[in-house]
Amino acid sequence: MVALSANNLNKSYGTVQALTDLSLEVEKGEIYGIIGPDGAGKTTLFRILTTLLLADSGTATVDGLDVVKDYKQIRQIIGYMPGKFSLYQDLTVEENLTFFATVFHTTIEENYHLIEDIYKQIEPFKDRRAGKLSGGMKQKLALSCALIHKPTVLFLDEPTTGVDPVSRKEFWEMLMKLKTEGITIIVSTPYMDEATLCDRIALIQDGEFLKVDTPRNIVADYPDTLWAVQADQMHQLLRDLRDLPFIRRSFSFGETFHVTFDNDTTPGQLKDFLAAKSYTNIAIKEIEPTVEDCFMLLSRK
Amino acid sequence: MKQFRSFVRKEYYHIFRDKRTMLILLAMPIVQILLFGFAITTEVKDVKVAVFDPSKDASTQRIKERINTSEYFTIAEELTNIDQINDIFKYGKINLVIVFSENFAENLLHTGEAKVQLIADGTDPNQASTLTGYVSGILGSYQQELMEQYQVPFQIIPETRMLYNPQLKSAYNFVPGVMGLILMLICAMMTSIAIVREKETGTMEVLLSSPMKPIYIILAKAVPYFTLSIVNLITILLLSVFVLGVPVSGSLFWLAILSLLFVFVALALGLFISTLVNTQMAAMLASGMGLMMPIMLLSGMMFPIESMPPVLQWVSAIVPARWYIEAVKKIMIQGVELQYIAKELVIIGVMAISLIMLALSKFKTRLS
């Protein structure tokens, strides 16, 4: 069963091409992640799918309904949480929720079971103005508002941007629970670590999908052995790694550098080389590639 | 319907919780009315005049007394030499000099004619014409009194070409103007800002992706500002009747209908602006420059339309406030019957319908 599909979507703003021949298909009850940096076209894609923008060319359907012709029906069945905090700051938590419930022809009581887990965390503050909530609470409220009418398809545009790690974790636990309710979830995020929590992910850059697969397959497809390199002189290390002829790729990755070697090179060679350049505390170890490594690899092509 | 009610309630929350804005909106008409009524007034009160009187006879004495005792003037100086006049204006303390001819009483009684020269400070033409008008009025009433006394025609000829308007209450001119300005400001500017604010904060995205009909979004926005403008209208009318003493001579019912039509024009304009811009700042500028300026300058509120060059007169014809203000003047101050404001009613009505159609056709069910 297909919950959502798009065929050859194109969209440009003036001379900037936001989406190029983009196609996707999302199964019912799936958590589908769209992973990519800012400006990759995630929000444009979401807006086309939520009937808010018209594509220049290409078609898309949500639950079998055309996003152009049947936009009114689509608006009845989708939940959308835009990237920017988009609740009424001067309304209280409860007023916001009540308002969105009425807008979607429902009441808080009717679908309370859906939002119970999230909402009960912010319920103690239900008389507080939404503008005075913390980032994590705002996001929980926004999710509650997007869920209150039990949508068939839920669109979450960067829901965890600017949210603390604990709240992010809780948020994803919520999404897992919603999945069991049969709600299809399309979520975009710039955080690669969240990608592994999706059923399938699409890596997007410059308006094009680089790859679509399960996170496990994407990682498994990584062609080379990946090594993490560390030393005391990190700054100098970066320059030296870039200049070394036998290193195929190197990426800065938090506290370490991820590198891949040319075919016949061994980590020992690198260690000797670095030692000769008087680096101290050199550590080189083999690691499992992550989604981010895959993204970096694909986006360099 | 429940959807709509809930939306309207939300709009009221927005307005009531933004205390500063609400205060401004409610206080604005009061401040404007009082400001125009008392501070920026062309009315005459205790204006200092100087007199040059070579005759010093019974008649000139009598006239000077009358001028001095009137609430409009105070005689501040008696000049002894005609050459002092230039200097006295330079100091700016005196706004008007009254010069009697020599042998004033004698001329008046024997030839039936006497001359008075009124010299006003021309730097403020409005004030000058008002002052000379008032003095002519006092002279006229003295002349009237003499004629009743002697049963002979007397004539005191004030040498001034300026016209006399017996009322000259500036409030009569600006109350309709303020009404037009306030209604336009609240309905057009605030509605457009309120709609654009939803675009700016991103809530419009959520609303548009919901089953809420876009037309409801608009109407719900308009309702609170509509109410607010009614409150303001009542405030203005109460203030003008009880504080400024400007009566509502005509039919209050038609005044209400007229105002209602004008409110629709303003709402449609506000909606139209909101479809063109994406930030609150732009909405404010657009309604400020696009609506306020024409009302202030071209509606006849400040400057009479008849004295504008023809091109500006044509331009003023498309300013809705011009017709509204004109009709309000007629119905409120002159107290005319319906048929005399039919033209304005029709023009405003046509403007309302076509602007609402234009705005609705422009309103998008999608972003951008």
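Keep in mind it's a predicted model, so treat the numbers as computed, not measured.

A short note on helix α14 (residues 338-362) of chain B
Residues and elements named next belong to chain B.
Now for step 1: Here α14 spans 35 Å end to end across 25 residues, near enough to the 36 Å set by a 1.5 Å rise per residue.
Now for step 2: Of all the bends in α14, the greatest measures close to 30° and is centred on E344.
Now for step 3: Turning to α14, its buried residues are I341, E344, L345, I348, G349, M351, A352, L355 and A359.
Now for step 4: Check the buried side of α14 and you find it contacts α10 (252-276), α12 (310-317) and α13 (320-334).

Focus on the interface of chain B and chain A
Now for step 1: Each partner contributes residues to the interface: chain B has 25 residues there, and chain A has 31 residues.
Now for step 2: The contact between chain B and chain A buries some 2600 Å² in all, and 59% of this surface belongs to carbon and sulfur atoms.
Now for step 3: In terms of surface lost to chain A, no three residues of chain B exceed B:R17, B:P211 and B:R366, which account for 25% of the buried area on that side.
Now for step 4: Linking chain B with chain A are two salt bridges.
Now for step 5: One can count 11 residue pairs in polar contact (both at pLDDT 80 or more) joining chain B with chain A.
Now for step 6: In terms of residues, the side of chain B that touches chain A owes the most to one element, helix α1 (residues 2-17) of chain B, which gives eight residues.
Now for step 7: Partitioned by chemical class, the residues of the side of chain B that touches chain A number eight nonpolar, 10 polar and seven charged.

A word on the pattern of salt bridges
Now for step 1: Across all of its chains, the model carries 29 salt bridges over all chains by this definition.
Now for step 2: The partner of A:D240 in a salt bridge is A:K277, with the nearest N and O atoms 3.3 Å apart. Of the two residues, A:D240 is situated in helix α9 (residues 234-243) and A:K277 in the loop between α10 (267-276) and β14 (283-287); the sequence distance between them amounts to 37 residues.
Now for step 3: Ionic pairing is found between B:E198 and B:K10, a salt bridge with its closest N-O pair at 2.5 Å. Here B:E198, found in helix α7 (residues 171-201), pairs with B:K10, found in helix α1; they are 188 residues apart in sequence, far enough to count as distant. Per residue, the accessibility class of B:E198 equals that of B:K10, and both read buried.
Now for step 4: If you follow the salt bridges from partner to partner, you end up with A:D224, A:R248, A:R249 and A:D262 in one network.

A word on the packing of α1(B) against helix α9 (residues 214-242) of chain B
Residues and elements named next belong to chain B.
Now for step 1: Contact pair α1 / α9: the axes reach a minimum separation of 9 Å and the direction vectors enclose 50°. Looking at the two axes, α1 sits oblique to α9. By crossing handedness, the relation of α1 to α9 is classed as right-handed. In contact with Q3, F4, F7, V8, K10, E11, Y12 and I15 of α1, α9 contributes Y216, I217, L219, A220, K221, V223, P224, Y225 and T227.
Now for step 2: Here the residues of the contact of α1 with α9 are counted per class, giving 12 nonpolar, two polar and three charged.

Focus: the domain arrangement of chain A
All names here are of chain A.
Now for step 1: Considered domain by domain, chain A is made up of domain 1 (2-220) and domain 2 (226-300).
Now for step 2: Taken together, the contacts link 14 residues of domain 1 with eight residues of domain 2.
Now for step 3: Counting the surface domain 1 buries against domain 2, the share from its top three residues, M192, L210 and V219, is 56%.
Now for step 4: Between domain 1 and domain 2 we count zero residue pairs in polar contact (both at pLDDT 80 or more) in total.
Now for step 5: Residue assignment for the side of domain 1 that touches domain 2 shows that the elements contributing at least two residues are α7 (192-195), β9 (200-205), β10 (208-213) and α8 (215-220).
Now for step 6: Residue contributions to the side of domain 1 that touches domain 2 peak at four residues, all from β9.
Now for step 7: Residue composition of the side of domain 1 that touches domain 2, grouped by class: 10 nonpolar, three polar and one charged.

Let's talk about the sheet that holds strand β1 (residues 2-13) of chain A
Residue and element names in this part refer to chain A.
Now for step 1: Taken in spatial order, the four strands make up an open sheet running β2-β1-β4-β5, and their pairing is antiparallel. Edge strands, defined here as strands with exactly one partner in the open sheet, are β2 (16-27) and β5 (65-66).
Now for step 2: Bridge count between strand β4 (residues 57-62) and β5: two bridges; the pairing is antiparallel. Its bridge partner lying in β5, V62 is registered against L65.
Now for step 3: Contacting β1, β2 and β4, helix α1 (residues 42-49) crosses the sheet at an angle of about 120° to β1.

About the cut-offs
- Residues numbered from 1 in each chain as written.
- Chains lettered and ligands numbered in written order.
- Predicted model: local features only at pLDDT ≥ 70, side-chain atom pairs only at ≥ 80, totals over all residues.
- Heavy atoms only, no water.
- Helix = DSSP H or I, 4+ residues; strand = E, 2+ residues; numbered from the N terminus.
- Expected span 1.5 Å × (residues − 1).
- Bend = angle between axes of the 7 residues up to and from the residue.
- Buried < 20%, exposed > 50% of the residue type's maximum accessible area, 1.4 Å probe, protein only.
- Contact = heavy atoms within 4.5 Å.
- Buried area = accessible area lost by both parts, 1.4 Å probe.
- Salt bridge = Lys/Arg side-chain N within 4 Å of Asp/Glu carboxyl O.
- Polar contact = N/O pair within 3.5 Å; in protein donor to acceptor, adjacent residues only side chain to side chain.
- Nonpolar A, V, L, I, M, F, W, Y, C, P; charged D, E, K, R; others polar.
- Axes fitted to C-alpha atoms, helices over the stretch in contact; angles between N-to-C directions.
- Parallel < 35°, antiparallel > 145°, perpendicular 65-115°, else oblique.
- Left-handed = near helix turned anticlockwise from the far one by under 90°.
- Domains from an automatic or database assignment.
- Pairing = 2+ DSSP bridges.

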